[in-house]
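These are the residues of each chain, in order.
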Amino acid sequence: MAIGGKGWFSWAKPSRIPARGVLGVISFFGFFVNYMLRVNINIAIVSMTGGTGGNTTSTASDIISSECISENWKSMNMLDNDTLLKEQNSAESGGAEFPWNSGQQGIVLGSFYWSYIISLVPGGMLAERFGTKLVYGGANLMLGLAALAIPTAARLDFNLLIAIRLLQGLAAGMTWPAMHSMTSRWIPPHERSKFVSSYMGNAVGTAVTYPLCGILIDTYGWESAFYVPAFICIAWCVWWWLCAFDSPKQHPRISQEELEYLQKNVVTSKEKLKLPLKEVLKSPPFWALMVANTGSIWAFMTIITYGPTYLKVVHGFNIKENGLLSGLPNLSRFMGSLFFSWIIDSMIAANKCTITCARKVATAIAEIMPAALFLLMGNMGCNAPAEVAVLTVASLFGGCASSGPIVNSVDLAPNFAGTLMGMISIASMSGGFLVPLIVGSIIEENQSMAQWQYVFIIASVLNVLSTVVFSIWGSGQVQSWNEPKNESNDKKEEDATNEPLHA
């Protein structure tokens, strides 16, 4: 079907918008709704448990867990401890339905990632075999339907809630590797950074989810934080099914000009290739990329998982303030992704930087700058606006990861981009369940700012170490094992998709 012609979907793509541009928009909102359903529980659990480590009713010794809250009370000359204690317990008790301790809360937050890592590699393999349209869309649909069951499951049985979270993790684990498979078939090398910025829909989804859920919880109760995002996700699934296609050749509305351009500039094997696992595991660039992703994701998970809790227990933000200010770092991550991807792709297209150089520079920006800023956390006294600003700027630089470690697996092996992303994510997304366990153990008995500093120091050290490793062993070149059955084509593949020479 020609663009602009008659048909069911002619409205979906105006003739002047490239098909891959439409794909980028749908991809953006796919990650948007995906992360709404990942992080909504991070803020909902504050209301579900009253933001406590177990008991929904605080004692006088419990309530002043942060020196900042204590100083704020004294400086404002507000209420005496007993009166304030009564007011806080009254305010929190309405939403403090579950007496989960810190360990149980860590299990609720982290269980999602126990099953998440199991489906990462299968997600990439399934997408390469059956197509991203089915795998990515089906995974998001499962994620949304499971979210509808969370309020009921939480009230029926704690173990049932964990089972639902495991199901959500299993579905969500397929999404990133599946979309990488789509990227390898649709996007030329000099456009990859910009397209992968659509993945940063995850950051915008997180940014919107926190204030949205804060308002929903305050107005309608914590259950609405699950129902509303779930219905938004289901609506997106309909859009995806109507407008997404696994390859340019399958797209019914793509222009002939764009189709010829993509066929010329995007080179992937037409055969069903078997991953040369032995060669992959012997590849230094593969391991360097795994380390780089681990450092980047650890910092990201620290912010999105424990940002709301930090703002509540250290600075005493209420649910509305928490939602709004917790969203700012994630919005800035998306803005940083757009800005840096434009610069990186422009440099590659103009032959001013090799792909290898571009990926290393992007990784350094995405990890070294946040590492330095994390060290400021907890060292600015009780200046809450300054700490929110630091997290926001750190996330801005962190957005450059879309031009570095996130996209690099497509550079190394376009034929196995999805599977490779899944393998790398097994290690990098371990932060999804390790962060709650480690942070929970650090702050369980002490919610002071000094204890929270250790949380940010760990993220800072991991960022620095991962950048050093990637700077030494990272690469942007297509690897020889990308064409395991026909190595004579390596040179041809490299000419088409490899890094350009310096100008």
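Our subject is the structure listed above.
Chemist: Teacher, can you tell me more about unusual backbone geometry here?
Modeler: Excluding glycine, most residues fall at negative phi; most peptide bonds, likewise, are trans. For Asn351, which is not a glycine, the phi torsion comes out positive at approximately 60°. Along the chain, Asn351 turns up in the loop between helix H16 (319-349) and helix H17 (355-374). Taking the relative accessible area as the measure of exposure, Asn351 reaches 32% and is therefore partly exposed.

Chemist: What exactly am I supposed to notice about the packing of aromatic side chains here?
Modeler: Working definition: an aromatic ring pair is given by the centre-to-centre distance plus the angle between the planes. By the definition in use, this model includes 18 aromatic pairs. Here Phe286 and Trp287 contribute two aromatic rings whose centre-to-centre distance is 5.3 Å and whose plane-to-plane angle is 75°, an arrangement assigned as edge-to-face. Here Trp287 falls in the partly exposed class, since its relative accessible area comes to 39%. Taken together, the ring pairs connect Phe31, Tyr136, Trp176, Tyr199, Trp236 and Trp240 into an aromatic cluster. In this structure, Lys133 is placed above the aromatic ring of Trp241, and the distance from its NZ or CZ to the ring centre is 4.8 Å. A cation sits over an aromatic face here: Lys133 above Phe245, 4.6 Å from the ring centre.

Chemist: Where do I start with a nonpolar patch on the surface in this structure?
Modeler: Residues Ile368, Val464, Val468, Ile472 and Trp473 make up a contiguous nonpolar surface patch of about 440 Å² in total accessible area. Broken down by element, the nonpolar patch gets its largest block of residues, four residues, from helix H22 (residues 449-473). One can find Val468 in helix H22.

Chemist: Any chance you could explain helix H13 (residues 256-265) here in plain terms?
Modeler: Note on helix geometry: an α-helix contains 3.6 residues per turn, so any two residues three or four positions apart are oriented the same way. When we look at burial in H13, the residues that qualify are Glu258, Leu259 and Leu262. Down the axis, H13 shows its buried residues gathered within 100° of arc, on one side only. Exposed positions of H13 whose direction lies more than 90 degrees from the buried face are Glu257 and Lys264. Among the structural elements, helix H1 (19-49) and helix H9 (175-186) are those in contact with the buried residues of H13.

Chemist: Can you help me understand the side chain of Ser296 in this one?
Modeler: Note on placement: Ser296 falls in helix H15 (residues 284-315). The class for Ser296 is buried, based on a relative accessible area of 7%. The contact partners of Ser296, leaving out residues within four places of it in the chain, are Arg333, Glu367, Ala401 and Asn463.

Chemist: Which parts of the structure should I look at to understand the nonpolar core?
Modeler: Taken as a class, soluble globular proteins show a tendency for nonpolar side chains to be buried jointly. The biggest cluster of nonpolar side chains holds 113 residues, and the ones touching the most others in it are Tyr199, Trp240 and Trp452. Considering each element in turn, this core owes the most residues, 18 residues, to H1. Those residues in contact with Tyr199 that sit more than four places away from it in its chain are Ser27, Phe31, Trp176, Met179, His180, Thr183 and Ile406. Core analysis: the second largest hydrophobic core is formed by 16 residues, Val121, Leu273, Val280 and Met423 among them.

Chemist: Before we go on, may I ask you to explain the side chain of Lys133 in this structure?
Modeler: Relative to the helices and strands, Lys133 is located in helix H7 (residues 132-156). Of the buried charged residues, Lys133 lacks a salt bridge, with Asp246 as the closest side chain of opposite charge at 7.1 Å. A polar atom in the side chain of Lys133 sits 2.9 Å from the backbone oxygen of Trp241. Excluding residues that lie within four positions of it along the chain, Lys133 makes contacts with Gly138, Met182, Trp240, Trp241, Ala244, Phe245 and Asp246.

Cut-offs and rules
Residues numbered from 1 in each chain as written. Predicted model: local features only at pLDDT ≥ 70, side-chain atom pairs only at ≥ 80, totals over all residues. Heavy atoms only, no water. Helix = DSSP H or I, 4+ residues; strand = E, 2+ residues; numbered from the N terminus. Buried < 20%, exposed > 50% of the residue type's maximum accessible area, 1.4 Å probe, protein only. Phe/Tyr/Trp six-rings, centres within 6.5 Å; stacked < 30°, edge-to-face > 60°. Lys NZ or Arg CZ within 6 Å of the ring centre and 35° of its normal. Patch = residues over 30% accessible without salt bridge, like charges linked within 9 Å, V, L, I, M, F, W, Y side chains within 5 Å. Areas by Shrake-Rupley, 256 points an atom, 1.4 Å probe, with all protein chains shown as cover. Salt bridge = Lys/Arg side-chain N within 4 Å of Asp/Glu carboxyl O. Arc of directions from axis to C-beta. Contact = heavy atoms within 4.5 Å. Core = buried A, V, L, I, M, F, W, Y, C linked by side-chain atoms within 4.5 Å. Lys, Arg positive; Asp, Glu negative; His and termini not counted. Polar contact = N/O pair within 3.5 Å; in protein donor to acceptor, adjacent residues only side chain to side chain.

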